[in-house]
Amino acid sequence: MRPTGKLHIGHYVGALENWIKLQDDYESYHLIADYHVLTTDLDTKDVYENTIEMLIDWLAAGLDPDKSPMFRQSKIKEHTELYLIFSMLITVNRLERNPTIKDQVRDLHIEQVIYGHLGYPVLQAADILLYKGEAVPVGEDQVPHVEITREMARKFNNQYGKVFPEPEPLLTKFARLPGIDGNAKMSKSLGNTVLLSDSPEIIKAKLRKAVTDPLKIRKNDPGRPEICLIFSYHKKFNPVEVPEIERDCRSGALGCVDCKLRCSEKISAFLAPIIVKRNYYEKNLSEVKDILYAGEIKASEVAKNTMEEVREKMKIG
């Protein structure tokens, strides 16, 4: 993840929850992609603070540093070295065909694409292959990036000799929680998020303003839960009551105010243990920094070994 500060429930449902499950079955590496921030924002003054906030959320949600090292990309210099080598193995035309770049240019209203933004899938390939990643947990929208990584591995191996595996996308059906403003994506930049660290009072206030079915104006009006973002939240955080909520919404027995209140209570109950752990880490920042430092030592050892192999195969080491 790119360190943009505190995480929201969309991050949790879309990725973090899955990472926590996978750490018991895989040897995992969790990268804080601080160099990737530069692809869309050159202002770096908050990157370190955002890194710590994000790491606290990772730990509070359940990532275990004893199972998986957590580290900053910028502290492992081999990332940039392998990125440079890989950048010689791919054409500009190939990168311009990446559909994710096209989507970002459109969504972020980017007029001029910088070199680093165009090439960030190459840096991602280095991020993955530096640790000889064999599986990459992604949603379908990220599969093109994994394919570029596979191409990088294949091209290097064919040119210089076998070093890298060709990683497979570990496809998971990530749920995408809409933002409280009804936008298809929950995004901090859009100000439509529920943070993992939000108190029950804040969550209640945020959901009170959330958009619902525009045709359900009064309590007795029949609703359409299939288009209501609050109902999508219920499906994740209140699955037991979903049949009842769907029935009462459609009949008009359940009003939007009561529905939002029930939803906010369920989200707050779900987040309560995360917030307890978060409060602990906020009061023990030295422990958080020690975890980061230990992860960077582990990652650095693996990265150095990989780059020794790379240089040996290329006859430049």
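You'll find the structure just up there.
Think of each chain on its own: its residues are numbered from 1, step by step along the sequence as written. Since the coordinates come from a predicted model, pLDDT governs what is reported: local features require at least 70, and pairs of side-chain atoms require 80 or more to be given and counted, while whole-chain, interface and lining totals use all residues. The basis for every side-chain value is the complete set of non-hydrogen atoms in the structure, without hydrogens or water.

A. Looking closely at the overall build of the protein chain. In this description a helix means any DSSP run of H or I spanning at least four residues, a strand means any run of E spanning at least two, and both kinds are numbered starting from the N terminus. Helix and strand counts for the protein chain come out as 13 helices and 4 strands. Computation of the radius of gyration draws on C-alpha atoms, with the globule rule given as 2.2 Å multiplied by the number of residues to the power 0.38. Taking 2.2 N^0.38 as the reference for a compact globule, 317 residues should give roughly 20 Å; the C-alpha atoms of the protein chain span a radius of gyration of 22 Å, in line with that estimate. Dimensions of the protein chain along its principal axes, counting C-alpha atoms only, are 75 × 45 × 35 Å. Three exposure classes are used, based on accessible area relative to the maximum for each residue type with a 1.4 Å probe and protein chains only: buried under 20%, partly exposed in between, and exposed over 50%. Here the protein chain, with 317 residues, has 49% of them falling under the buried criterion.

B. Quick peek at the pairing of strand β4 (residues 168-171). In this scheme, strands are said to pair when DSSP sees at least two bridges between them. One ladder, built from 4 bridges, connects strand β3 (residues 135-138) with β4; its direction is parallel. Within the sheet, the bridge partner assigned to V138 lies in β4 and is L171.

C. Up close: empty space enclosed by the protein. Both site types are read off a 1 Å grid over the protein atoms alone. A 1.4 Å probe that fits but cannot get out defines a cavity, while an open set with protein on both sides within 12 Å along at least five of seven lines defines a pocket; lining residues have an atom within 4 Å of a point. Grid points are joined across faces, edges and corners, and a volume is the space filled by probe spheres set on the points. Taken as a whole and judged by the stated rule, the model has 1 cavity of 30 Å³ or more. If you add up the space inside the largest cavity, you get close to 100 Å³. Together, 14 residues line the largest cavity, and K216, C228, C249, C256 and C259 are the ones closest to its centre. The set of elements that each furnish at least two residues to the lining of the largest cavity consists of α11 (242-251) and α12 (256-283). Residue contributions to the lining of the largest cavity peak at 3 residues, all from α12. Along the lines of polarity and charge, the residues of the lining of the largest cavity split into 8 nonpolar, 2 polar and 4 charged. Classification used: nonpolar for Ala, Val, Leu, Ile, Met, Phe, Trp, Tyr, Cys and Pro, charged for Asp, Glu, Lys and Arg, polar for all others including Gly.

D. Molecular detail of the environment of K132. Within the secondary structure, K132 sits in the loop between α7 (120-129) and β3. The class of K132 is partly exposed, set by a relative accessible area of 28%. Along the sequence, K132 and A303 sit 171 residues apart, while their C-alpha atoms lie 9.3 Å from each other. Note on contacts: a residue pair is in contact if any heavy atoms of the two residues lie within 4.5 Å. Dropping the residues within four chain positions of it, K132 is found in contact with V163, P165, T306 and E309.

E. How the structure looks around the pattern of salt bridges. Salt-bridge detection follows one rule: a side-chain nitrogen of Lys or Arg within 4 Å of a carboxyl oxygen of Asp or Glu. Applying the stated rule across the entire model yields 24 salt bridges. As a salt-bridge pair, R154 and E147 come within 3.7 Å of each other at their nearest N and O atoms. The class of R154 is partly exposed, set by a relative accessible area of 31%. What you see here is one network of salt bridges that share partners, running through E147, R150, R154, E166 and E168.

F. Main features of α7. Where burial is concerned, most of α7 is hidden: 9 out of the 10 residues are buried. Buried within α7 we find Y120, P121, V122, L123, A125, A126, D127, I128 and L129.

G. Structural detail: helix α13 (residues 285-314). Given a rise of 1.5 Å per residue, 30 residues ought to cover 44 Å, and the 42 Å separating the end C-alpha atoms of α13 matches this to within 8%. For α13, the complete set of buried residues consists of V288, I291, L292, G295, E296, A299, S300, A303, T306, M307, V310 and M314. Phi turns positive, to about 65 degrees, at K315, one or two residues after α13. To estimate how far a helix should reach, multiply one less than its number of residues by 1.5 Å.

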